[in-house]
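Residues per chain, in single letters:
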Amino acid sequence: MRAACERRSRWGFGLTTRTVALLVVGFALLIPGFWDGKLAFTMLAWDGLVLLAAALDGLRLPKASQFVAERSWSNAPALDSETEIQLSLENLGGVIVECRLVDDLPPALVEEPATIRLTAFPRVPAKVRYRVEPKERGDWETGWLYVRYRSGLGLFERWAKAPLTQTVRVYPALRTGEEQQIFLARSRQIDLQLRKAQQRGLGRDFESLREYREGDDLRDICWTATARRGDLITRQYQTERSQPVWLVLDCGRLMRSRVAITAPRSGALLGGSSSLAGGAGAAPIRRVHSKLDHACTTAVALAQLALYSGDRVGLLAYGQGIQQRLLPGRGAAHLRQLIEQLAQVRAEAGEADHLRATATLNRLQPRRSLILWVTDLAETAMRPEVIDGALQLLRRHVLLFVAMAQPEVDEIAAKRPKNIDQMFLSAAAQEMAGRRELLLARLHEQGALTMDLTPEALTSTVLNQYLTVKERAMV
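Read on for a plain summary of the structure. This one's a predicted model, so the numbers in the text were calculated from it and none came from an experiment.

**Quick look at the packing of helix α6 (residues 291-308) against helix α12 (residues 455-471)**
Now for step 1: Between α6 and α12, the least distance of the axes is 9 Å, while the angle of their chain directions is 25°. For the element pair α6 / α12, the angle class is roughly parallel. Regarding α6 and α12, the two cross each other, and that crossing is right-handed. Each of His294, Ala295, Thr297, Thr298, Ala301, Leu302, Leu305 and Ala306 in α6 lies in contact with α12, whose residues at this interface are Pro455, Leu458, Thr459, Val462, Leu463, Tyr466 and Leu467.
Now for step 2: Among the residues forming the contact of α6 with α12, the class breakdown is 11 nonpolar, 4 polar and no charged.

If you want it as C-alpha cells, here you go:
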C-alpha cells in the first residue's frame, strides 16, 4: 500500500522539547533579573533568538505532501506466526529529517501501535521492518501511518499522516513442513500398503473385467463386453483409495471460549534505524485463542494431509445458519479456497443449529464419507442437540466426533479441594466431566470415533486418527 502524506491537522506543526528546554533556560534569567534589570532584557533576547531559530528551522522542513509512505507485508498474516511488515518513507524535499512513525494497526494484529524512528535522506527511500504476531483470524482494517519529522537541529517539527488503510486477512495457524513430515511419511506408507493389498470385489472403483462366475452379482455384468465376446463378462471393483473428507466446524457460542496455550517467545524488530523494543527471549509466552481458532488450525492441517493422500476435502462451517460451504475437491487452488473460507468463519453468540447442519451435509454428501466434526457439548439436563445430529450422520458416514475440552475445568476436577468453595467447584467440574464422558461413550457405542481433546493435543491426535481410518479402510 503506497500513498502520499498529508497534514495531520490544520496547523500540523509545533515546537520540540529541545526548543522548550532552551526557552526555559532563558526564563531562568528572571531570577537574577530581580537584582539586575539588564538580565531580564537578556532573557527576552535569548528567547527571541530561540524562537527565530525555530521558525527558520521549520521553514527548511519539507511539506507533508513531499513525503510518500508505503506499507508492505512479507507474507500473509496467520495465527501463531510472526508477520514481517516493511514501512518505507520517501523524502522528496532537500533536507535530511529525523522521523518518528506510528503505524496504526488493529488490536487483532498488535496490542498497541508500533513507534519507530528512522532517518529520511532526500530522494532516498528510508525503510524499516518489524514483526507482529496476529491474535485473531478474519478481515481487519489497518489505520493511517502517522509521521512526525524534524531537521538535524531539532527545534521545530511537522506532523503528517498517510492514508495506508487496507483490509488484511489473518489466516488460521499453518503447521510447518517439519511438523508434517511424520504424518506425510506415514500416509505414504499406508498408501503403498493399500496398493499392494487391493481387495477385488469390494468398493466401487472399476479395476478390470473377467469371465462371469457363479455367485457374482448380476448387476456387475458388463453387457457391452458380453455382447462382444459372446460369454458373460463381469466387472471387478477395488477398494476406493480416494474418499471424500468433510470438515464440519461448530461456530456457536461454545466455541467462543478462549483457551491459553504455552508457546515460545519471539522478537519484534528486524532491521532499520528503529528504537522499537524487542528481541528474542527464552521465556515462553501464553497465547490465548478461541476454541474455534484451534479447530480451524486442525482443519487446515487435516486438509493438507488428506489432499496429499489423494482424498477430496470439503468444508461446512455453521452457526445458527451456514457460514461457509465448500464441496469436496482436490489441488492447490482448492486448498487455497478452503483456507480463505476458514479465515472468515466467526464464532456466534447464539447456540449453533446442529440439526440444520446435519441436514445440509446429508444433502450435499449422499454417499459414504469421512466426517471430522469439531464441536463442544452443552451442559444441559437434556441430551445436547449435537448428539442427535451425530446419530443421524452415523447412518451413512464414518464420523470422527471431536469435543474440545476446557483445560481449566479438568484442572479444577483433578485438584484436591482445600476449603468448602473449592469442594463445590471440584464437584461441579467432576459432574461436568462425567456427563461429557457418558455422552461420548453412548455416541461411541453407536459407531462414532469419539475424542475429548485439549487444544494442545487436538491437531496431532486428529491427524493420527485420520491415518488410522485410512489404514483400516473404514470408509
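**A closer look at the pairing of strand β19 (residues 312-318)**
Now for step 1: Counting buried residues in β19 gives 6 out of 7 residues, a clear majority hidden from the surface.
Now for step 2: Two elements, strand β15 (residues 244-250) and β19, share 7 bridges in a ladder whose sense is parallel. Following the sheet pairing, Leu249 is matched in β19 by Ala317.
Now for step 3: Across 5 bridges, β19 lies against strand β20 (residues 322-329) in antiparallel orientation. Residue Val313 lies in a different strand from β20, and its bridge partner there is Gly329.

**So, the pairing of strand β11 (residues 156-162)**
Now for step 1: A large share of β11 lies buried, amounting to 5 of its 7 residues.
Now for step 2: Examined bridge by bridge, strand β2 (residues 6-7) and β11 share 2 bridges and lie antiparallel to one another. Residue Glu6 lies in a different strand from β11, and its bridge partner there is Lys161.
Now for step 3: By the bridge criterion, 3 bridges tie strand β3 (residues 13-15) to β11 in an arrangement that is antiparallel. Following the sheet pairing, Phe13 is matched in β11 by Arg158.
Now for step 4: In the sheet, strand β10 (residues 145-150) pairs with β11 via 6 bridges, with the strands oriented antiparallel. Bridge pairing in β11 places Arg148 opposite Trp159.

**A few points about a nonpolar patch on the surface**
Now for step 1: On the surface, Leu15, Val20, Val24 and Leu51 cluster together into a nonpolar patch covering about 320 Å² of accessible area.
Now for step 2: Residue placement: Val20 occurs in helix α1 (residues 17-27).
Now for step 3: For Val20, a relative accessible area of 41% gives the class partly exposed.

**With respect to the pattern of salt bridges**
Now for step 1: A complete count under the given rule lists 20 salt bridges for this structure.
Now for step 2: Close ionic contact of Arg2 with Glu70 constitutes a salt bridge, the shortest N to O distance being 3.4 Å. Here Glu70 lies in strand β4 (residues 67-73) and Arg2 lies in strand β1 (residues 2-4), a separation of 68 residues in the sequence.
Now for step 3: Judged by relative accessible area, which is 47%, Arg2 ranks as partly exposed.

**Topic: helix α9 (residues 385-394)**
Now for step 1: Those residues of α9 that fall on the buried side of the exposure criterion are Val386, Ile387, Gly389, Ala390, Leu393 and Leu394. The buried residues of α9 occupy one face: seen down the axis, they fall within an arc of 160°.
Now for step 2: Buried residues in α9 make contact with α8 (354-364), β21 (370-375), β22 (398-404) and α11 (420-445).

**What to know about the nonpolar core**
Now for step 1: Grouped together as the largest cluster of nonpolar side chains are 44 residues, with contacts concentrated most on Leu247, Leu249, Val402 and Val462.
Now for step 2: Looking at this core, the elements with two or more residues in it are β15, α6, β19, α7 (332-344), β21, β22, β23 (449-453) and α12.
Now for step 3: Broken down by element, this core gets its largest block of residues, 11 residues, from α6.
Now for step 4: When neighbours within four sequence positions are excluded, Val462 is seen to be in contact with Thr298, Leu302, Leu372, Leu400, Val402, Met451 and Leu453.
Now for step 5: In terms of nonpolar packing, the next biggest core, distinct from the first, is built from 33 residues, Ala3, Ala64, Ala126 and Val132 among them.

**A closer look at the packing of aromatic side chains**
Now for step 1: Under the criterion given, the structure shown has 4 aromatic pairs.
Now for step 2: Seen in terms of ring centroids, Phe67 and Tyr149 are 4.5 Å apart; in terms of plane orientation they differ by 50°. Their pairing is tilted. Here Tyr149 lies in strand β10 and Phe67 lies in strand β4, a separation of 82 residues in the sequence. Each member of the pair, Phe67 as well as Tyr149, carries the same accessibility label: buried.
Now for step 3: Relative to Trp373, the ring of Tyr318 lies with its centre 6.3 Å away and its plane at 70°, an arrangement referred to as edge-to-face. Of this pair, Tyr318 sits in strand β19 while Trp373 sits in strand β21, placing them 55 residues apart in sequence. Like Trp373, Tyr318 is buried.
Now for step 4: Three or more aromatic residues link up through ring pairs in this structure, and these residues are Tyr318, Trp373 and Phe401.
Now for step 5: Of note, Lys161 hangs over the ring of Trp144, and the distance from its end group to the ring centre comes to 4.6 Å.

What counts and how
- Numbers given for residues are sequential positions, taken from 1 along each chain in its written order.
- In view of the model being predicted, local features appear only for residues whose pLDDT reaches at least 70, and side-chain atom pairs are presented and counted only at 80 or more, with totals across whole chains, interfaces and linings using the full set of residues.
- Derived side-chain values reflect all non-hydrogen atoms in the structure, with water molecules and hydrogen atoms excluded from consideration.
- To define axes, lines are fitted to C-alpha atoms, for helices over the stretch in contact only, and angles between the resulting N-to-C directions are given on a 0 to 180 degree scale.
- The secondary structure listing takes helices from DSSP runs of H or I that are at least 4 residues long and strands from runs of E that are at least 2 residues long, numbered from the N terminus.
- Throughout this description, any angle smaller than 35 degrees is read as roughly parallel, any larger than 145 degrees as roughly antiparallel, any in the 65 to 115 degree range as roughly perpendicular, and the remainder as oblique.
- In this scheme the handedness of a crossing depends on how the near helix is turned from the far one: anticlockwise by less than a right angle means left-handed, clockwise means right-handed.
- We call two residues in contact whenever any of their non-hydrogen atoms come within 4.5 Å of each other.
- Side-chain classes are defined by residue name, with Ala, Val, Leu, Ile, Met, Phe, Trp, Tyr, Cys and Pro counting as nonpolar, Asp, Glu, Lys and Arg as charged, and the others, Gly among them, as polar.
- Residue exposure (1.4 Å probe, protein chains only): buried if accessible area is under 20% of the type maximum, exposed if over 50%, otherwise partly exposed.
- Strands are treated as partners if at least two bridges between them are detected by DSSP.
- What goes into a patch is any residue over 30% in relative accessible area without a salt bridge, connected to like charges within 9 Å or, for nonpolar side chains (Val, Leu, Ile, Met, Phe, Trp, Tyr), within 5 Å.
- All accessible areas in this document rest on Shrake-Rupley with a 1.4 Å probe, and a residue is counted as covered only by the protein chains that are shown.
- Any carboxyl oxygen of Asp or Glu within 4 Å of a side-chain nitrogen of Lys or Arg constitutes a salt bridge here.
- Think of the arc as the fan of directions from the helix axis to the C-beta atoms.
- To form a nonpolar core, buried Ala, Val, Leu, Ile, Met, Phe, Trp, Tyr and Cys residues must be joined to one another through side-chain atoms within 4.5 Å.
- Stacked, edge-to-face and tilted are the three classes for Phe, Tyr and Trp ring pairs, Trp counted by its six-membered ring, which pair at centre distances within 6.5 Å; planes under 30 degrees apart are stacked, over 60 edge-to-face, the rest tilted.
- Throughout this description, the term charge over a ring refers to an Arg CZ or Lys NZ atom that lies within 6 Å of the ring centre and within 35 degrees of the ring normal.

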